[in-house]
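Summary of the model geometry
Listed below, chain by chain, are the residues.
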Amino acid sequence: MAQILSGKDVSEEIRQGLKTEIEQLKTTYPGFCPGLAIVQVGDRDDSNVYIGQKVKNSGAIGVAARHVKLPRTSTQSEVLDAVEGLNSDPAVHGMIVQLPLDSENEIDSHRVTNAVRPEKDVDGLHQINAGKLSRGDLDSCILPCTPKGCLELIRRSGVTIAGATAVVVGRSKIVGSPMADLLKWNHATVTVCHSKTQNLPDIGAVVIDCGINSIPDATKKSGKRLVGDVDFDEVKQVASWITPVPGGVGPMTVAMLLQNTVEQARKMAAKSVAGKWNLELNPLKLVTPVPSDLVIAQSQTPKNIEILADEISLLKDEVDYYGKKKAKVSLKVLDRLQNHKNGKYVVVTGITPTPLGEGKSTTTIGLAQALGSQSKKNVFACVRQPSQGPTFGIKGGAAGGGYSQVIPMEEFNLHLTGDIHAITAANNLLAAQIEARMFHESTQTDEALYKRLVPDVKGTRTFSKIQLARLQKIGIGKTDANSFTPEEVKSFVRLDIDPKTITWQRVLDTNDRFLRKITVGQGPLEKGHTRECQFDIAVASEIMAILALTTGLRDMRERLGRMVVASSTSGVPVTADDLGVSGALTVLMKDAVRPNLMQTLEGTPVFVHAGPFANIAHGNSSIIADKIGLKLVGEDGFVVTECGFGADIGMEKFFNIKCRYSNLIPNAVVLVATIRALKMHGGGPTVTAGVPLPKEYIEENLDLLEKGCSNLRKQIENANKFGVPVVVAVNSFATDTPAEVALVQKFARENGAFDAIKCSHFAHGGIGAAELAEAVSKATQQPSDFKFLYSVEKSIEEKIETIAKEIYGADGIEILPAAQEQIDRYKKQGFNDFPICMAKTHLSLSHDPTKKGEPKGFTVPIREVRASIGAGFIYPLLGTMATMPGLPTRPCFYDIDLDPETEEIVGLS
């Protein structure tokens, strides 16, 4: 006589264990709550009963169950959309599709179950999970609930499975076939019988009945009762154990479903812990002499970006792939990791450079590679997206260089994911609206304007959301468009832009000197409404600065709306919101706000995001990228971010503008210096791009070098003014002598640097910056005394003078009359309390690019002052300052081409 194996009792024991486990996991992972989604199509009574049981059992142990019920009219596409929505929901850790799908339309149930992500397929029906089970990969798949429950019941019976003979009757994809696989990989000898099997053997031991059928029974209130596929009374006479129906396998299926859900939730919670990376590094194959940047970049095979994202603990829902080598990362990461501590924050800057650049980007990437490959730390490099202006102009790309690069460097240096194109489109849409609004106001009456701005649609005139905001701004409280007085109509429709005050320019991401002054409106249909204006380079757009300084989508929308483009004839600032265009600008920028994920040559992660000019704007990558990076690396990790040009420009703006808005406190400054640049500051011959270096730069000259160290001293002093330790990175070249390097190291340490390290990351990659990584790590452990240079409450004039004296070493400033008029207007409009973003040459500490070293006895002329109110700064223009570069005699593009055979880019640097 068989013993009864009660699934009801076993399942209750399992559920209580899961309940205890969930309570324990909540202490490890605050807010932990396993989520189960059950998708149902139609309204079958039996399905409703099963789902009701699952929801009830889920809630009893602390699993949040969600019943997604779709109507019988649902199409396959609609069902797949519902499944994909749950796939993307981080609160859903497990999902099942209740079968059959009771729809009026033809739906492929296999396609639907395979649409569930394998890691959320707690029913174990996805072909990947089924395939792994069939191959015996039990540890890497989710086991189907009913077979898993049956196996647990067999184990509870005390029968040894290994070596036993098992007969599985039925070969369904849901129970029979996976049950046979599960028994086989638990070392049973398995026979599968089915409807075509002849002479089914009369073997009985442990009988697990997975069937469920309804038969008439007059003794029951419902008139029917549930039975299994086995003749219970007959089989129990020969079997040793048997499961009843109901109360056997059914409760176990539900228990295993909950167990799978809790296990997947635990795995996702563990993966969500910041800093738990499993990064595989890419080894470098160093060649001497060092080949071109492009040859090196194309010789290294980047990891698939999906693999990198998984290695650094990004969830699938947080990443959108742009091809196989780059991706955009969702801002939702910040919500997920909001309670986790930040890593160490390191900013890379430099001394005043030569026109060739001194390797800040290369050092940023080399340091990141060293921290990752040599120090074995989690590390993110955060760099700016380069403009196509310099890429095709003089400088070339900005992916780093040698064996310290971002790859694929071609994609990095060209379109990437289209962020700069989005900025160009948004910027020029606003420029077009400025001209159009002035044109329409000058050619129409108040009433005509009003009728077009608030049109009658089927007898109703309704203000848009952005128009309601304008009404509130100008003090009109009513919203009935038909009740406005003529005075209210005029106040609403007339911006009365003063053309002389327009500061908003069109932009293009190409160096084109002939767009520095243009005339618009010369077409016959513009009725003589011409105006002189100009183009700026795209990365000089205020929208680029907003992208770099915003903290989220909502913040970006508000900043775009606040952008001041001109003043009215009565002196009132005119904003993008007033022009009704800020919502459209946000739509154009909605994808650009997400940082771009790429990788270094050695496989460490890089965020490439935003690229504001370092002279006319603040010259730093985005706050968003830095913040996400700081969360992902974990408390012991590092984010290495770069700022443009020398410390007097990019670093000063990093501290006074970027850190002011981000509320992030940097732990260390890396100040990049080269022997050649210091010799130039000591009085060496002019350095010109494309021209061989004079002998003074390739032969030892300690006297010239020592004189030039005055620039290094001043830039170390500038960094120390903010209370952050400074590590000098001597970016070495083959022509540098040991005596020259030693002189710079000794000078730096004696003049306020925490340390000074020789680096060879250009030639050797991460290992060439290993000592720098060690020094930086030590510097970040020093106590921070971070402070701003000035209070924003000081007057605009005082703030400008503070920067000129403290950072540049000037005697004072001279504000020209036109600039003073602009300052007075901004102060009157309420724009005094903003940080200052000085627009000056990067080739000197002063405003004059010919003054090298540490200039003395100069006064800084302020010829013009503009306001980027949306970005959040006032920017004075010092001396002559072009916002649209020009092409040189021999631009970089002379060397760039596409190999038609291999379709590879050649000549890009």
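So, a few notes on the structure that sits alongside this text. Once a new chain begins, its residue numbering starts again from 1 and follows that chain's sequence as written. For a predicted model such as this one, the threshold for reporting local features is a pLDDT of at least 70, and the threshold for listing and counting side-chain atom pairs is 80 or more; totals across whole chains, interfaces and linings nevertheless cover every residue. As a rule here, side-chain values come from all non-hydrogen atoms in the structure, and water together with hydrogens is ignored.

Let's talk about the sheet that holds strand 32 (residues 859-868)
- If you trace the 3 strands from one edge of the open sheet to the other, you get 31-32-33, paired in mixed fashion. With partners counted over all chains shown, the strands left at the sheet margins are strand 31 (812-815) and strand 33 (873-878), one partner each. On average, each strand axis in the sheet is inclined to that of its neighbour by 50°, with strand direction left out of account.
- Following DSSP output, two strands are said to pair if at least two bridges run between them. Elements are defined by DSSP. Helices are runs of H or I of four residues or more, strands are runs of E of two residues or more, and each kind is numbered from the N terminus. Pairing geometry for strand 32 and strand 33, over 6 bridges, is antiparallel. Directly across from I862, in strand 33, lies its bridge partner L878. Here, axes are lines fitted to C-alpha atoms. For helices the fit covers the stretch in contact, and angles between N-to-C directions go from 0 to 180 degrees.

Remarks on a nonpolar patch on the surface
- Like-charged residues are merged into a patch within 9 Å and nonpolar side chains (Val, Leu, Ile, Met, Phe, Trp, Tyr) within 5 Å, provided each residue has over 30% relative accessible area and no salt bridge. Under the convention used here, a 1.4 Å probe and the Shrake-Rupley method define accessible areas, while residue burial counts only the protein chains that appear. Salt bridges, as used here, are contacts in which a Lys or Arg side-chain nitrogen is within 4 Å of a carboxyl oxygen on Asp or Glu. A cluster of nonpolar residues, L887, F893 and Y894, forms a patch on the protein surface that exposes about 290 Å² of accessible area.
- With respect to the secondary-structure elements, Y894 resides in the loop between strand 33 and strand 34 (897-898).
- Exposure is judged per residue with a 1.4 Å probe applied to protein chains only, and the accessible area is read against the type maximum: over 50% gives exposed, under 20% gives buried, and values in between give partly exposed. Among the residues examined, Y894 registers a relative accessible area of 53% and is labelled exposed.

A few points about the pattern of salt bridges
- Within the structure shown, the criterion is met by 53 salt bridges.
- A salt bridge links R336 to E318; the nearest nitrogen and oxygen atoms lie 2.5 Å apart. Taken together, the residues R336 in helix 12 (residues 332-336) and E318 in the loop between helix 11 (305-311) and strand 11 (319-321) connect sequence positions 18 residues apart. A single burial state applies to R336 and to E318, both of which are buried.
- Ionic pairing is found between K590 and D591, a salt bridge with its closest N-O pair at 3.5 Å.
- Given a relative accessible area of 45%, K590 falls into the partly exposed group.
- D591 gets classed as partly exposed once you look at its relative accessible area, which sits at 31%.

Thoughts on the pairing of strand 4 (residues 94-97)
- On strand 4, burial covers both faces: G94 and I96 on one face and M95 and V97 on the other are all buried.
- In this structure, strand 2 (residues 35-41) lies alongside strand 4, joined through 4 bridges in parallel fashion. By the bridge assignment, A37 is partnered in strand 4 with M95.

Comments concerning the packing of helix 16 (residues 419-443) against helix 20 (residues 542-549)
- Taken N-terminus to C-terminus, the directions of helix 16 and helix 20 make an angle of 130°; their axes are 9 Å apart at the nearest point. Taken together, the axes of helix 16 and helix 20 are oblique relative to one another. Between helix 16 and helix 20 lies a crossing of right-handed hand. Here helix 16 contributes I420, I423, A426 and N427 to the contact with helix 20, which in turn contributes I543, M544 and L547.
- For the contact of helix 16 with helix 20, the per-class residue count stands at 6 nonpolar, 1 polar and no charged. Any angle between 65 and 115 degrees counts as roughly perpendicular, while under 35 counts as roughly parallel, over 145 as roughly antiparallel, and the rest as oblique. With the far helix as reference, a near helix turned anticlockwise by less than a right angle produces a left-handed crossing, and one turned clockwise produces a right-handed crossing. Throughout, a residue-residue contact means that at least one pair of heavy atoms, one from each residue, lies within 4.5 Å. Charged means Asp, Glu, Lys or Arg here, nonpolar means Ala, Val, Leu, Ile, Met, Phe, Trp, Tyr, Cys or Pro, and polar covers whatever is left, Gly included.

Quick look at the environment of S570
- Counting through the fold element by element, S570 comes out in the loop between strand 23 (564-567) and strand 24 (573-575).
- Between the C-alpha atoms of S570 and D496, which are 74 residues apart in sequence, the distance is 8.2 Å.

Observations regarding unusual backbone geometry
- That bond from L99 to P100 is cis: its omega, 0°, falls within 30 degrees of zero.
- Summarising the element assignment, P100 is placed in the loop between strand 4 and helix 4 (109-115).
- A cis amide bond, omega -5°, links I407 with the succeeding residue P408.
- Within the secondary structure layout, P408 lies in the loop between strand 16 (404-407) and helix 15 (409-413).
- Non-glycine residue H187 carries a positive phi angle of around 75°.
- With relative accessibility at 58%, the residue H187 sits in the exposed group.
- Phi angles above zero are rare outside glycine, and L416 is one such case at about 50°.

So, the environment of T889
- Residue placement: T889 occurs in the loop between strand 33 and strand 34.
- When its relative accessible area of 79% is taken as the criterion, T889 is described as exposed.

Observations regarding the nonpolar core
- We define the nonpolar core as a collection of buried residues of types Ala, Val, Leu, Ile, Met, Phe, Trp, Tyr and Cys that are connected through side-chain atoms lying within 4.5 Å of one another. Counting residues in hydrophobic clusters, the biggest one holds 140 residues, and the most contacted among them are L430, L597, F655, L712 and V728.
- A total of 8 residues in this core trace back to one element, the largest contributor, which is helix 16.
- Judged by nonpolar contacts, the second largest core, of 42 residues, contains V346, A368, V640 and A775.

What about empty space enclosed by the protein?
- A pocket, in this scheme, is an open set of points on a 1 Å grid over the protein atoms alone with protein on both sides within 12 Å along at least 5 of 7 lines, while a cavity is a set where a 1.4 Å probe fits but cannot get out; residues line either one if an atom lies within 4 Å of a point. Grid points are joined across faces, edges and corners, and a volume is the space filled by probe spheres set on the points. The final tally for this structure, using the stated rule, is 4 cavities of 30 Å³ or more.
- Taken together, 18 residues form the lining of the largest cavity, with T503, A540, S541, E542 and Y875 sitting closest to its centre.
- Looking at the lining of the largest cavity, the elements that each hand over two or more residues are helix 20, strand 32 and strand 33.
- Per element, the largest residue contribution to the lining of the largest cavity is 3 residues, and it comes from strand 32.

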